Amino acid sequence: IGGGMVFTFLKAKGLEVGTSLVEEDFIDTAKEVMAKAEKLGKEILLPVDIVVADKFDAEAETKIVAFDAIPEGWMGLDN
């Protein structure tokens with residue numbers, strides 16, 4: 001799972017996603033998908049690193065962080 005959708009799944013796992021785009025009304029669905037995958041012995045693949053920015057702007061400061069280390073106040077960008 002990649003792109004903007006990944007942040008809903010990361011939040012569903014209880015991880016910090018900063019100000020990343022999250023579809024709050026699909027968090028429970030993401031949890032259900034992950035639980036079903038686990039029950040079936042399948043693996044949901046998520047990115048291991050994320051490009052983050054301090055704001056949504058061409059002049060934003062950016063960096064690459066681990067998927068579980070998105071700083072508070074920063075946003076993940078599409079992967």
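Preceding this paragraph is the structure being described.
Report on the accompanying structure. (Residues numbered from 1 in each chain as written. Predicted model: local features only at pLDDT ≥ 70, side-chain atom pairs only at ≥ 80, totals over all residues. Heavy atoms only, no water.)

1. Comments concerning a negative patch on the surface
In step 1: Taken together, Asp54, Asp57, Glu59 and Glu61 make up a surface patch of like negative charges.
In step 2: Relative to the assigned elements, Asp57 resides in the loop between strand 1 (49-53) and strand 2 (62-66).
In step 3: The partly exposed category is assigned to Asp57, whose relative accessible area is 43%. (Patch = residues over 30% accessible without salt bridge, like charges linked within 9 Å, V, L, I, M, F, W, Y side chains within 5 Å. Areas by Shrake-Rupley, 256 points an atom, 1.4 Å probe, with all protein chains shown as cover. Salt bridge = Lys/Arg side-chain N within 4 Å of Asp/Glu carboxyl O. Lys, Arg positive; Asp, Glu negative; His and termini not counted. Charge placed at Lys NZ, Arg CZ, Asp CG, Glu CD. Helix = DSSP H or I, 4+ residues; strand = E, 2+ residues; numbered from the N terminus. Buried < 20%, exposed > 50% of the residue type's maximum accessible area, 1.4 Å probe, protein only.)

2. Focus: the environment of Glu16
In step 1: Counting through the fold element by element, Glu16 comes out in the loop between helix 1 (6-12) and helix 2 (27-39).
In step 2: Given a relative accessible area of 40%, Glu16 falls into the partly exposed group.
In step 3: Leave out the neighbours within four places in its chain, and Glu16 touches Ile70 and Glu72.
In step 4: In terms of polar contacts, Glu16 uses its side chain to reach the backbone amide nitrogen of Gly18, at 2.7 Å. (Contact = heavy atoms within 4.5 Å. Polar contact = N/O pair within 3.5 Å; in protein donor to acceptor, adjacent residues only side chain to side chain.)

3. Regarding the pattern of salt bridges
Two side chains that carry opposite charge are able to pair once their charged atoms sit near each other.
In step 1: Across all of its chains, the model carries one salt bridge by this definition.
In step 2: Across the pair Lys11 and Glu24 runs a salt bridge whose closest N-O atoms are separated by 2.8 Å. In this pair, Lys11 sits in helix 1 while Glu24 sits in the loop between helix 1 and helix 2, placing the two residues 13 residues apart along the sequence.
In step 3: A residue is classified by how much of its surface remains accessible, and Glu24, at 48% relative accessible area, is partly exposed.

4. Looking at the environment of Thr62
In step 1: Mapped onto the elements of the fold, Thr62 is located in strand 2.
In step 2: Look at Thr62 and you get partly exposed, because its relative accessible area is 48%.
In step 3: Residues Thr62 and Gly76, 14 residues apart in the sequence, show an inter-C-alpha distance of 9.5 Å.
In step 4: Ignoring anything within four residues of it in the chain, the contact list for Thr62 reads Val52, Ala53 and Trp74.

5. A closer look at the sheet that holds strand 2
In step 1: Spatially, the three strands line up as an open sheet ordered 2-1-3, and their pairing is antiparallel. Here the strands that pair on one side only, and so sit at the sheet edges, are strand 2 and strand 3 (75-76).
In step 2: Sheet topology note: the strand 1/strand 3 ladder contains two bridges and is antiparallel. Note on strand 3: the bridge partner recorded for Val52 is Gly76. (Pairing = 2+ DSSP bridges.)

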